[in-house]
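For reference, the chains in residue letters:
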Amino acid sequence: MKRTVFILILIALLVLLGVWMFVLGRQRTIVMRNEDIDRQGITYEAAQIVGISFDGAEEKEITYDDAAIFYLVGSSHKLKLRVADEDGNTLRVVEKTIKLDLSKNISVDIPELLENKEEVIKLTGKMW
Amino acid sequence: MSQNLTFTEKLKNFFISNAVPILFVVITLLAVPVSGFSANYLIQEMITRIGRNSFLVLSLLLPIIAGMGLNFGMVLGAMAGQIGLIFITDWSIVGIPGLVLAMLISTPISILLGILCGSVLNRAKGREMATSYILGFFINGVYQLVVLYFMGGIIPVKSPSLVLSRGYGIRNTVALDGVRQVFDNMIPLKIGEISIPLGTFFIIALLCLFILWFRKTKLGQDMRAIAQDMKVAQSAGIPVDRTRIISIVISTVLAGYGQIIFLQNMGTLSTYNSHDQTGVFSIAAILIGGATVSRATIPNVFIGVILFHMMFVVSPMAGKNLIGQAMLGEYFRQFISYGIIAIALVLHAWRRQKDKEMERRSLRGVKAEKQPQAEK
Amino acid sequence: MNRLRQFVNKAGWPRVIIGFFLLSLFVAAPFAEVSLAASIKDTLVRFGMNGVLVLSMVPMVQSGCGLNFGLPLGVIAGLLGAVTTMEMGITGIMGFITAVILSCAIAAVLGWGYGKMLNRVKGEEMVISTYVGLSSVMFMCMMWLVLPFKSPAMVWGYGGSGLRTTITLEGYWFNIIDNFLAIKIGDFTFPTGLFIFFAVMAFLVWAFFHTKTGTAMTAVGSNPDFARASGIDVNKMRTISVIISTVFGAVGILVYQQSYGFIQLYTSPLFMAFPAVAAILLGGASVHKATITNVIVGTILFQGILTMTPSVINSFLKTDLSEVIRIIVSNGMIVYALTRKTTKVKS
Amino acid sequence: MKKLLVLLVVAMFSVFAFSAAAFHIGVVTGTVSQSEDDLRGAEALIKNYGDSASGGMITHLTYPDNFMSEMETTIAQIAGLADDPLMKAIIVNQAVPGTAEAFRKVREKRPDILLFAGEPHEDPGVIAPVSDIAINADNIARGYTIIYAAKMLGAKTFVHISFPRHMGYELLSRRRNIMEQACKDLGLKFVFETAPDPTSDVGVAGAQQFVLEKVPAWLKKYGQETAFFCTNDAHTDPLLKRIAELGGYFIEADLPSPLMGYPGALGVDLKAEQGNWPAILNKVEEAVVAKGGKGRMGTWAYSYGYATTAGLGEYAKNIIEGKAKLNNLKDLLAAYNVYTPGAEWNGSNYKDMNTGIKSKNHFLLYQDTYVFGKGYLGMTKITVPEKYFGIK
């Protein structure tokens, strides 16, 4: 009896450990798109050049109508967006803190994100 | 017994009982200069391979202690480890959590397979090695059935980079980018140009301690008793069959972890073939390290891994430089590695036969000597 | 009912089940648009091709050396014989006979050494013979490249040296036994020659085991201590059995190749041992006892499944599942056979 | 142990003592029993530029025959080449599983080495980012051109022979689907047949045996106007043998070459012609026509495997010497043409289906189909309709 209880507790603990590892190690694929989009009648225009960097990592630059893929682990991230014109002159720099759920694939439209005034943004995407 | 032996006899004994490692050291010593590899490269390669392979090889120890011979059934554990890795890749769990999760997933599968393997081997006492060898092929069929037909269909695996475009079955190579060498680089250390996978070494050290401790436990003692004589152990109240199963279960679970460590270093999983050679190579390594079917120690493991893999690295190049044809070098390597295993096994079996004969003779001799002593 | 049970007991459940499975495949074949006549012919030809190889297991099993996983050694002898004969340029039936004679000589020498070695490793024969097979095949891989063969039909077309992986036997002794007295009924050809050849070989084995040496060998296999006590030279008997097995392996591969049409070198001998072992075990042999009936039943069942499952099952399931099923069934049978003996002793 | 170290040091110095060429190019191919043509390409390179062991430029190694199981060896072989300080380029043809990891290892240690992958087995998404150039036979275009050629020759049914492991390769499985669609569009019947995998336990013998037995049955079932195609090299031998004997069509092999299957299947003696591709083609053509395969069986005039090994070697040499630019299709084909004088090549960049991103360093190449007794079909001039590039 004691043995069974012990084994059951052990299994429960291991399952919990598994869940914890799942949450801890989940990698999200984030596609950052820099395209003009229509959202509920409002048109957000894409910038000519956007530099994207997550958590102080090296910046990735994308041009108008382009996209870039990022892989992130963990839920809370600091995102730095540098908007520039055709000649590469920086127009403005926006810093945001974003929170991710456990979804695996997330797609972000940069123009909309830039217009979003909230400091903390939650991003959800496809679970698988 | 040993104090009666002269020095030359001792020397002879040493050479006979270490014939395989000595033979190997000689071959390697000859092959290294011919291969033309730099010292840095070889040292780096050996360190990497110790990290990559020794966990797998260590998993062989327990069944040997329990007298069950070389556990060719360790490939069962390897398959369980691979299933764990497939799942974490599908869920895209990366880094150390990913590997820990893969191990957690592999554990119950390994335990089930281990129980199966152990029970089968209990029905094939005395033929454990051949049986576990074939059992590996059998379970390989089941593994293919599961991975190639069930996964993506009955078992949910969704990632398009994993599932074949036909909708079910896993692709034949799985890139393990997310977990590539995370154990190795857990504690980064570089001496000169040589990087040392300290994290993996740490895990291996833990396993060594576990094995040392385990040998002293009641269970470990039981295993040794069973290896000595199954019937005596049985009459002494040791549950022989159960203990044998436990030793296989532990070995299988460890092999599963070992395969995960192996593959995190390799960075690529060849879905249907990565486990093929695990058993054969691990067994080759431990035999070359001087272990026998009935006796193996932790030093055997490390010596074996170094010698076996040293030959692995240098012999194709050496063969090429010696004979001048690249493919001859490749065949030469395989010939040597399989040949050595055969020789090691033959030498061991032969020696055991000799020992038996000697025992018989000395038994007679002791009896003969004893009688006059009794008169005194 | 009783008789049925008796039959099942005698044949053993696995064989009955697999037999029925095979039968149902034949029944289902026409529905899967697979020609029945061609299927039966294929099964028969395959039986003839593999029969002698499977037969080569018998002597070693009977003398207690276990299943001959070292069959590649015999195969190598056969390959060497065939290749040498081709180099000499002997064709037709004479070529085949020369190849048989040469191979037997080589196999006898190899088998003698192999047998001597196996005598030193009693109890571990199966694992060790596996590795002996592997390493000798690898050694021969080097030899095929290095040996000074010149015949343009055999060496690499481009490089001009070293033997090819596959050498065609056309113009040498392709189908020479298959076509001997072959009976043709429309679509269906009965390879009489193959069957006669197999019958002769089987008879040789049968006759051998009824000679004095043969019975002594069986005695060694069933109880070595008793055999020794009654004055039989155990090691000699074992060596003889290994030589015979190896020679049969060599002849077996020659039969296989003349039917198949190609000589296959390099790593191909490695793939010869498993089907033969699986077949004889499927036929009901154990590690310690094998009869010619086991060989015949096992080869028909094993090769039948090999021929039928891919075509029939695939056209029903529309997948390639049959490959996997075959692996599971054949290896499962071997495991089953390996675990069987001990339980009998227990009960 | 000390002795060992001393020897190691000696060995290290002996490396420096050898080299006479200014740089080395490492070439890794299969053995002669696995893929003869690839290996012959390497030998051609050695013939031109010398073996590095004797002061030349080329270091040639082979990967194991059962490369699927011995990935560790493959990785060690390739990564080991980077140990040579003069090594400037590594060419792996075919780039069997493990190549990507080996390339990563080389990159970490020696970022200056050019890494070329010929006919990668790993997914394009895995191999392309870690190599400088990846080359495949253009299985996308060929999915259409092979069917087109089959129709040209008069086939009514197209039989595609493969097995699960190969259908797990992205490009092979896509080609299958393209073929199916092309058959539909061009009015042929598409049939998918399975044959055993030669790397499984039945081995090459068992796999070939199966094909040998089944082709007559297939010809009976689908009729004489049937074209056959198989994805595996080992299946090619028996398939050709039966087609030559009994009828049916064979457009080209998976990795086409006059040496692919024909010499073995038809027993062609090529000793006098060794090294001379046009002569080899002639001799094989004679044999095929003699067997009655005229106008029914085809190939590429120059071996794909041979051209890829040798061509990539040449290209690497040109880049290192500053005579060519990386990722320039024209320069690449120029290097190929050194070894395939007069052959028509065509090719394009690989485009990933899921992301739609065009890979700048992954090229797909194909040559014109040559049918024995009929001549070139002009396949490189056909434009493949755009829609086939979109089939998954």
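Here the structure is a predicted model, which means the values were calculated and not measured.

**Considerations on the pairing of strand β2 (residues 58-62) of chain D**
Residues and elements named next belong to chain D.
Then comes step 1: Burial runs high along β2: 5 of the 5 residues are buried.
Then comes step 2: Neither face of β2 is left uncovered, since the one carrying Ile58, His60 and Thr62 and the one carrying Thr59 and Leu61 both have all their residues buried.
Then comes step 3: Sheet topology places strand β1 (residues 24-29) next to β2; 5 bridges connect them, and they run parallel. Following the sheet pairing, Ile25 is matched in β2 by Ile58.

**Some words on the interface of chain D and chain C**
Then comes step 1: Each partner contributes to the interface: chain D provides 40 residues, whereas chain C provides 37 residues.
Then comes step 2: Carbon and sulfur atoms supply 53% of the area that chain D and chain C bury against each other, a total of about 3,400 Å² over both sides.
Then comes step 3: Applying the counting criterion to the chain D and chain C interface returns 1 salt bridge.
Then comes step 4: Glu213 of chain D serves as the salt-bridge partner of Arg46 of chain C, at 2.9 Å between the closest nitrogen and oxygen.
Then comes step 5: Across the chain D-chain C interface, the total number found is 3 residue pairs in polar contact (both at pLDDT 80 or more).
Then comes step 6: Contributions of two or more residues to the side of chain D that touches chain C are made by α2 (36-49), α9 (203-222), α10 (233-246), α11 (262-266) and α12 (277-290) of chain D.
Then comes step 7: The leading source of residues in the side of chain D that touches chain C is α9 of chain D, at 11 residues.
Then comes step 8: Here the residues of the side of chain D that touches chain C are counted per class, giving 16 nonpolar, 10 polar and 14 charged.

**Section: the packing of helix α8 (residues 192-208) of chain C against helix α11 (residues 234-260) of chain C**
All names here are of chain C.
Then comes step 1: For the pair α8 and α11, interaxial distance at closest approach is 12 Å and the crossing angle is 175°. Relative to α11, the element α8 is oriented roughly antiparallel. Contacts between α8 and α11 involve Leu194, Phe197, Met201, Val205 and Phe208 on the former and, on the latter, Ile240, Ile244, Phe248, Val251, Val255, Gln258 and Ser259.
Then comes step 2: Of the residues that constitute the contact of α8 with α11, the class distribution is 10 nonpolar, 2 polar and no charged.

**A short note on the pattern of salt bridges**
Then comes step 1: As enumerated under the stated definition, the model contains 25 salt bridges over all chains in all.
Then comes step 2: Connected via shared salt-bridge partners are Asp177 and Arg180 of chain B together with Glu101, Arg104 and Glu108 of chain D.

**Concerning the packing of helix α9 (residues 218-228) of chain B against helix α11 (residues 240-266) of chain B**
Residues and elements named next belong to chain B.
Then comes step 1: At a closest axis distance of 10 Å, the pairing of α9 and α11 adopts a crossing angle of 110°. Considering their axes alone, α9 and α11 lie roughly perpendicular with respect to each other. Between α9 and α11 the crossing geometry is left-handed. Listed contacts from α11 to Leu219, Asp222, Met223 and Ile226 of α9 are Val240, Thr243, Arg244, Ile246 and Ser247.
Then comes step 2: Partitioning the contact of α9 with α11 into residue classes produces 5 nonpolar, 2 polar and 2 charged.

**Comments concerning the interface of chain B and chain D**
Then comes step 1: Taken residue by residue, the interface counts 51 residues in chain B and 49 residues in chain D.
Then comes step 2: Between chain B and chain D lies a buried interface of about 4,300 Å² when both sides are counted; carbon and sulfur atoms form 56% of it.
Then comes step 3: Between chain B and chain D we count 5 salt bridges in total.
Then comes step 4: With a shortest N-O distance of 2.7 Å, Glu72 of chain D and Arg52 of chain B are connected by a salt bridge.
Then comes step 5: Where chain B meets chain D, there are 9 residue pairs in polar contact (both at pLDDT 80 or more).
Then comes step 6: At the level of secondary structure, the elements contributing two or more residues to the side of chain B that touches chain D comprise α2 (19-35), α3 (39-58), α7 (128-150), β1 (173-175), α11, β4 (268-270), α13 (298-323) and α14 (326-375) of chain B.
Then comes step 7: For the side of chain B that touches chain D, the element with the most residues is α3 of chain B, which contributes 8 residues.

**Observations regarding the environment of Met308 of chain C**
Residue and element names in this part refer to chain C.
Then comes step 1: Summarising the element assignment, Met308 is placed in helix α13 (residues 292-317).
Then comes step 2: A relative accessible area of 0% places Met308 in the buried class.
Then comes step 3: Each C-alpha atom of the pair Met308 and Ala107 lies 34 Å from the other, and the pair is 201 residues apart in sequence.

**Describing the nonpolar core**
Then comes step 1: In terms of nonpolar packing, the biggest core is built from 274 residues, with Leu70 and Ile286 of chain B, Leu55, Tyr131 and Ile280 of chain C together with Ile90 of chain D touching the most fellow members.
Then comes step 2: Excluding anything up to four places from it in sequence, Leu55 of chain C contacts Phe198, Met201, Ala202, Val205, Phe248, Ile292 and Val295 of chain C.

**Here's the deal with the confidence of the model for chain A**
Then comes step 1: For chain A, the average pLDDT comes to 84, and 95% of its residues sit at 70 or higher.
Then comes step 2: Within chain A, the lowest mean pLDDT, 70, falls on strand β10 (residues 120-123) of chain A, and the highest, 92, falls on helix α1 (residues 2-25) of chain A.

**Remarks on the sheet that holds strand β1 (residues 27-34) of chain A**
Residues and elements named next belong to chain A.
Then comes step 1: With respect to topology, 3 strands assemble into an open sheet ordered β6-β1-β9, the strand pairing being mixed. Edge positions in the open sheet fall to β6 (66-73) and β9 (105-109), since each of these has one partner strand only. For this sheet, the mean inter-axis angle between neighbouring strands, taken without regard to orientation, is 20°.
Then comes step 2: Of the strand pairs in this sheet, β1 and β6 are connected by 8 bridges, and their pairing is antiparallel. Residue Gln27 lies in a different strand from β6, and its bridge partner there is Val73.

**Comments concerning the environment of Ala207 of chain C**
All names here are of chain C.
Then comes step 1: Along the polypeptide, Ala207 turns up in helix α8.
Then comes step 2: Using a relative accessible area of 25% as the deciding quantity, one classes Ala207 as partly exposed.
Then comes step 3: For Ala207 and Ile183, which are 24 residues apart along the polypeptide, the C-alpha to C-alpha distance reads 28 Å.

**Concerning the arrangement of the chains**
Then comes step 1: Most contacts, when the 4 pairs of chains in contact are compared, are made between chains B and D.
Then comes step 2: Spatially, chain A is disjoint from chain C: no contact exists, and the shortest C-alpha separation is 27 Å.
Then comes step 3: As for chain D relative to chain A, no contact occurs, and the smallest C-alpha gap between them is 10 Å.

**Things to note about the sheet that holds strand β13 (residues 369-371) of chain D**
One key point about sheets: their strands pair by backbone hydrogen bonds, in either a parallel or an antiparallel sense.
Then comes step 1: Strand order in the open sheet made by the 3 strands is β10-β13-β14 (chain D), with antiparallel pairing throughout. Each having just a single partner strand, β10 (298-300) and β14 (375-376) of chain D make up the two edges of the open sheet.

Calculation notes
- Residue positions within a chain follow its written sequence, with the count starting from 1.
- Chains and ligands are labelled by the order in which they are written, letters from A for the one and numbers from 1 for the other.
- A pLDDT threshold of at least 70 governs which residues receive local features in this predicted model, and a stricter bar of 80 or more applies before side-chain atom pairs are shown or counted, although totals over entire chains, interfaces and linings include all residues.
- Derived side-chain values reflect all non-hydrogen atoms in the structure, with water molecules and hydrogen atoms excluded from consideration.
- Only protein chains enter the accessibility calculation, which uses a 1.4 Å probe. A residue is then buried if its area is under 20% of the maximum for its type, exposed if over 50%, and partly exposed in between.
- Runs of E in the DSSP output that reach at least two residues are strands. Runs of H or I that reach at least four are helices, and both are numbered from the N terminus.
- In this analysis, strands are considered paired if DSSP registers two or more bridges between them.
- Here, two residues are considered to be in contact whenever any of their heavy atoms come within 4.5 Å of each other.
- Here the quantity called buried area is the accessible surface, traced with a 1.4 Å probe, that two parts lose on coming together, added over both.
- Each salt bridge in this description consists of a side-chain nitrogen of Lys or Arg and a carboxyl oxygen of Asp or Glu lying within 4 Å of one another.
- Polar contact is the term for a pair of N or O atoms within 3.5 Å; when the atoms are in protein, one must be able to donate a hydrogen and the other to accept it, and sequence-neighboring residues count only if both atoms are side-chain atoms.
- Here the nonpolar group is Ala, Val, Leu, Ile, Met, Phe, Trp, Tyr, Cys and Pro; Asp, Glu, Lys and Arg are the charged ones; every other residue, Gly included, is treated as polar.
- Note on method: axes are straight lines fitted to C-alpha atoms, helices fitted across the in-contact stretch only, with angles between N-to-C directions ranging 0 to 180 degrees.
- An angle counts as roughly parallel when it lies under 35 degrees, as roughly antiparallel when it exceeds 145, as roughly perpendicular when it falls between 65 and 115, and as oblique in every other case.
- Here a crossing is called left-handed whenever its near helix is offset anticlockwise from the far helix by less than a right angle, and right-handed whenever the offset is clockwise.
- Think of a nonpolar core as a cluster: buried Ala, Val, Leu, Ile, Met, Phe, Trp, Tyr and Cys residues, connected wherever their side-chain atoms sit within 4.5 Å.
- Each residue carries a pLDDT score, the predictor's own confidence in it, on a scale running from 0 to 100.

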